[in-house]
Amino acid sequence: MKLIRNPDELQLLALSYRASGKTIALVPTMGNLHAGHASLMDMARPQADILIVSDFVNPTQFGPNEDFDAYPRTLDADIALAEAHGVDILFAPAASAIYKKNASTFVKENSCSQGLCGRSRPIHFQGVCTVVNLLFNLAQPNVAVFGQKDAQQVAVLKRMVRDLHMPIKMLVAPIVRESDGLALSSRNQYLTAEERAVAPKIQATLQQLATAIAAGERVPANLETLFKTTLAGTSDLFEPQYIEFVDKDTMQPLEKIVPAQTLIAVAVYMKTTRTRLIDNIVV
Ligand code: AMP
């Protein structure tokens, strides 16, 4: 595996691969790689001749009071994990190499990005679209793989690729969870032992909503109440930020649950550490 830090070097190499007829798959990540990221690599590996993983904590997708500085950076462990999953190139640039001084061009999606996480993180998806566009230009992928864990990100990026006629196949990998149901996330390590112990209840409660829907419940407000009362009844460590019922492709709010087309997405703060956990389910 090759470790590349210089964007120009990556682009030259990627262009030479493409010119010689080789195909490229890209898995963008912010590093601190875990089994969720590994599942994306495993999905991407058979899709192309060359597998590139980017490992970059992107400053433009963090708000001023978010965890950019605290975000875990573990390049040595990331190299080992990427190598073990057949990655050809790990691209780990410095922010100063990625963003030109006085960079003034950004990519903004204006529909799928508005609700859910976009409401409380107004610049987040602009940062995501910009960096993913930029990584596409550097890595020249035929295929890119993203995780359903960030369902809104998937919808926003698919829309960007469609709207801007990018010749890239977008693949989505299912959410990888701990054995107790908690979705794997680099942010789980911020949790206290007490928070970690109750956190799986977020997914368990989403499953309860799915059961209620299977039994005929179609009213989002009733399901929202069920979600909030169930979490509150479990632990006072939960502070739900949002629960939204949206079309799984457009992220637009639904007045009534549409079976097989509804994404229920949640963000919940854990009160002690103010860690914000997200999860979702398609029902
Ligand atoms: P991140 O490093 O958190 O920006 O994530 C990089 C990619 O890995 C994104 O496409 C995420 O959706 C995906 N990802 C993160 N956690 C998981 C997980 N638990 N299961 C599946 N994919 C994940």
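Structure's up top.
Residues numbered from 1 in each chain as written. Predicted model: local features only at pLDDT ≥ 70, side-chain atom pairs only at ≥ 80, totals over all residues. Heavy atoms only, no water.

Concerning the overall build of the protein chain
What counts here: Numbering of helices and strands starts at the N terminus; helices are DSSP runs of H or I of at least 4 residues and strands are runs of E of at least 2. Note on areas: Shrake-Rupley, 1.4 Å probe, and residue coverage restricted to the protein chains presented here. Asp and Glu are treated as the negative residues and Lys and Arg as the positive ones, with His and the ends of the chain left uncounted. Throughout, a charge is located at the NZ atom of Lys, the CZ atom of Arg, the CG atom of Asp or the CD atom of Glu.
A tally of helices and strands in the protein chain yields 10 helices and nine strands. Taking the principal axes of the C-alpha coordinates as reference, the protein chain spans close to 55 × 40 × 40 Å. When the accessible area of the protein chain is evaluated, it comes to approximately 12800 Å², of which 53% is carbon and sulfur surface. The centroid of the 27 positive side-chain charges in the protein chain is displaced by 4 Å from the centroid of its 28 negative side-chain charges.

Focus on the pairing of strand 7 (residues 238–247)
Defined as follows: For each residue, the accessible area found with a 1.4 Å probe, counting protein chains only, is set against the maximum for its type, and the residue is called buried under 20%, exposed over 50%, and partly exposed in between. Any two strands between which DSSP finds at least two bridges are classified as paired.
Within strand 7, seven of the 10 residues are buried, which leaves it mostly tucked inside the rest of the structure. Sheet analysis places strand 7 next to strand 8 (residues 262–270), joined by nine bridges and oriented antiparallel. Bridge assignment links Ile243 to a residue of strand 8, and that residue is Val266.

Examining the site of the ligand
Note the threshold: Nearness is judged by heavy atoms alone; a residue qualifies as near a molecule or strand once a single heavy atom is within 4 Å of it. As used in this structure description, the phrase polar contact means that two N or O atoms lie within 3.5 Å; if the pair is within protein, one of them must be able to donate a hydrogen and the other to accept it, and residues adjacent in sequence are counted only when both atoms belong to side chains. Here the nonpolar group is Ala, Val, Leu, Ile, Met, Phe, Trp, Tyr, Cys and Pro; Asp, Glu, Lys and Arg are the charged ones; every other residue, Gly included, is treated as polar.
Neighbouring the ligand are 17 residues; His37, Gly147, Asp150, Val176 and Leu184 lie closest to it. A distance of 2.9 Å separates an oxygen atom of the ligand from a polar backbone atom of Met30. With respect to the ligand, the backbone of Val176 contributes an N or O atom lying 2.8 Å from a nitrogen atom. Contact with the protein chains covers 92% of the free accessible surface of the ligand, which is 480 Å². With three residues, helix 2 (residues 35–44) is the single largest residue contributor to the shell around the ligand. Looking at the shell around the ligand residue by residue, the class counts come to nine nonpolar, six polar and two charged.

What about the environment of Leu263?
Using the following cut-off: Working rule for contacts: check all heavy atoms of both residues, and any pair within 4.5 Å makes them a contact.
Summarising the element assignment, Leu263 is placed in strand 8. Sequence-wise, Leu263 and Ala151 are 112 residues apart; in three dimensions their C-alpha atoms are separated by 8.5 Å. Setting aside anything within four residues of it in sequence, one finds Leu263 in contact with Gln148, Ala151, Glu244, Phe245, Val246, Lys248, Met251, Asn280, Ile281 and Val282.

Section: the packing of aromatic side chains
Operational definition: Aromatic contacts are taken between Phe, Tyr and Trp rings whose centres are within 6.5 Å, Trp giving its six-membered ring; a plane angle under 30 degrees counts as stacked, one over 60 as edge-to-face, and the others as tilted. Note on criteria: charge over ring means Lys NZ or Arg CZ within 6 Å of the ring centre, with the direction from the centre no more than 35 degrees off the ring normal.
Applying the stated criterion across every chain yields a total of three aromatic pairs. Residues Phe56 and Tyr99 carry aromatic rings whose centres are separated by 6.5 Å and whose planes lie at 40° to one another, so their mutual orientation is tilted. Of this pair, Phe56 sits in the loop between strand 3 (50–55) and helix 3 (75–84) while Tyr99 sits in the loop between helix 4 (95–98) and helix 5 (116–120), and the two are 43 residues apart along the sequence. The two residues Phe56 and Tyr99 agree in class, both being buried. Ring centres 6.0 Å apart and planes at 75° place the aromatic pair Phe62 and Tyr71 in the edge-to-face group. What makes Phe62 buried here is its relative accessible area of 6%. Pairwise contacts between aromatic rings join Phe62, Phe68 and Tyr71 into one cluster. Over the ring of Phe68 we find Arg73; its NZ or CZ atom is 4.8 Å from the centre of that ring.

Focus: the side chain of Glu195
For Glu195, the location among the structural elements is in helix 8 (residues 193–198). At a separation of 2.9 Å, a polar atom in the side chain of Glu195 contacts the main-chain amide nitrogen of Thr272. Side chain to side chain, Glu195 and Thr273 meet in a polar contact 2.7 Å long. Those residues in contact with Glu195 that lie beyond four places of it in its chain are Tyr190, Leu237, Met270, Lys271, Thr272 and Thr273.

None of this, on its own, says anything about what the molecule does.
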